[in-house]
Each structure stands twice: as C-alpha cells, then as structure tokens.
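Residues per chain are reported as follows:
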Amino acid sequence: MKKMIFLLFLLCITCGCVNLANTSYDYIVKENLNNNLKTTNVYRAGYMYYLPKGLRIMKSREANEVFANDNITYYLFVDRVSYYNQIKESYVGKDDVVYSKSLEKDGKFGYIEIKKTQNNQYFIEIMYNYAKIEVMVPEDKVKETISYSLTILTSIKYQDTVLKSLMEENILSASEVEYNIFETANTESGYLQIAQEYGQYQEEEENVDPDFIRR
C-alpha cells in the first residue's frame, strides 16, 4: 500500500497535481526516505534501481549514468567499491548554503546540499546509499528534482554476490574510487567536471549502453 501511495505521489509530481511550491524541502526528503520502494526497472553490474517515469537514460558507462528530463541533466555515480568495503563517513551540515541536511534511514546514510550559483541556478548534490546525483536546475525545478533524485538513490539495491565476483576478478576499476562521493563539491565545480567529461545531453538524444535493461 505504501508503495502504491508513493508511486501516486510521483505521478502527481509529474502531472503537476501536487503543489510543490507549498511543500518544504524537509517534507520532500522525509517522504522519499520513507517510501520503501521495492520496484526496480534498470539493471547494472552489481546493482539495480528504479528510474521514475519521465526520466530517460542518455548515457551509461560503468557505474556512471546520465539522465535527462525537460532539458535538465542528472549525473549519477554509483560507488560499488565503497559499498563493497562498507566505508562510512559522517556529514556536517552547513549554514552558507540554501539547504543542507544529513540523511539516514535503516542503516543507509548520506546528505543533501542545495547551493545557489552565480548565474542564479541551483546546484543540487545528493549522496545516499553509496551513490551520488548532481544536477543544475532553475529555482522552479528544485523540489521536483530532489524528489526524482531521492527516488532513484533510495531504490538502489546492490547484488553482493556479483560485486564479490567483480572485486575478485579486479573488474571494478580503480577509477571508481577517484570520485569521492562522501565529499561535497566546491560550489558547482563537481557538476562542471562531470559535465565536461560526459558532455551536455538534450532529451531527444539517446546514447544508451548495450547492457541497459529496463522493464
């Protein structure tokens, strides 16, 4: 029942029947952390997750994904190595940003930061469940983007047996640990670094890896 209610909540966000303008960041974060969504529709090496309707995968490479929706680009990095080694780090909230909060639920942890950039865009950085999403949006898209991002991050499920095999075969490259998901980016520099590496994608473009499976 909770799963159905949350899916309806997501549908309402997509269709515009929920007035997110009158909804606080705290409420959106709480609802998403409590969603307990067990549905998955994207499968990768060692993990799987749920991609909400309205988001399209534009590019996938190793544990990096690029999504797009309404000309907004999301960058996802899944740190399979840190998950496998169960690395844990604490987060200290900040006062010099628009919003800052540590996240914790059922043993999973992370943080969310929202920063206003010099060009009046909002840089959203969310780390949770050993994965991070970075995205730059205009003010009217901030709350919707938080909900989409947390839906993805909270839905990630890791396959321990597969990861163990990948680690033993040294298939997980050292490059996966070069991007520290536990450290917040300096303003939007982290986003720009990723954007430069992967390029900017428009919603009509699609360059999906052959191993992409979506039901």
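Described below are features of the structure shown in this document. None of these values were measured; they are calculated from a predicted model. (Residues numbered from 1 in each chain as written. Predicted model: local features only at pLDDT ≥ 70, side-chain atom pairs only at ≥ 80, totals over all residues. Heavy atoms only, no water.)

1. Notes on helix α2 (residues 25–33)
Here α2 has its buried residues at I28, V29, N32 and L33. Seen along its axis, α2 keeps its buried residues to an arc of 125°; they face one direction. (Buried < 20%, exposed > 50% of the residue type's maximum accessible area, 1.4 Å probe, protein only. Helix = DSSP H or I, 4+ residues; strand = E, 2+ residues; numbered from the N terminus. Arc of directions from axis to C-beta.)

2. So, the nonpolar core
In this structure, Y49, L76, I146 and Y158 are the most contacted members of the largest nonpolar core, which totals 48 residues. In terms of residue count, helix α4 (residues 142–155) provides more of this core than any other element does, six residues in total. With sequence-adjacent residues up to four places away left out, Y49 is seen in contact with T40, N41, V42, I57, E65, F67, L76, I152, S155 and I156. M58, Y75, M136 and A185 belong to the second largest nonpolar core, which has eleven residues in total. (Core = buried A, V, L, I, M, F, W, Y, C linked by side-chain atoms within 4.5 Å. Contact = heavy atoms within 4.5 Å.)

3. Observations concerning the sheet that holds strand β1 (residues 42–44)
One open sheet holds the three strands; their spatial order is β1-β2-β10, and the pairing between them is antiparallel. Each edge of the sheet is formed by a strand with only one pairing partner; in this case those strands are β1 and β10 (157–158). For β1 and strand β2 (residues 47–49), the ladder comprises three bridges, and the chain directions are antiparallel. Within β2, the position partnered with Y43 by the bridge is M48. (Pairing = 2+ DSSP bridges.)

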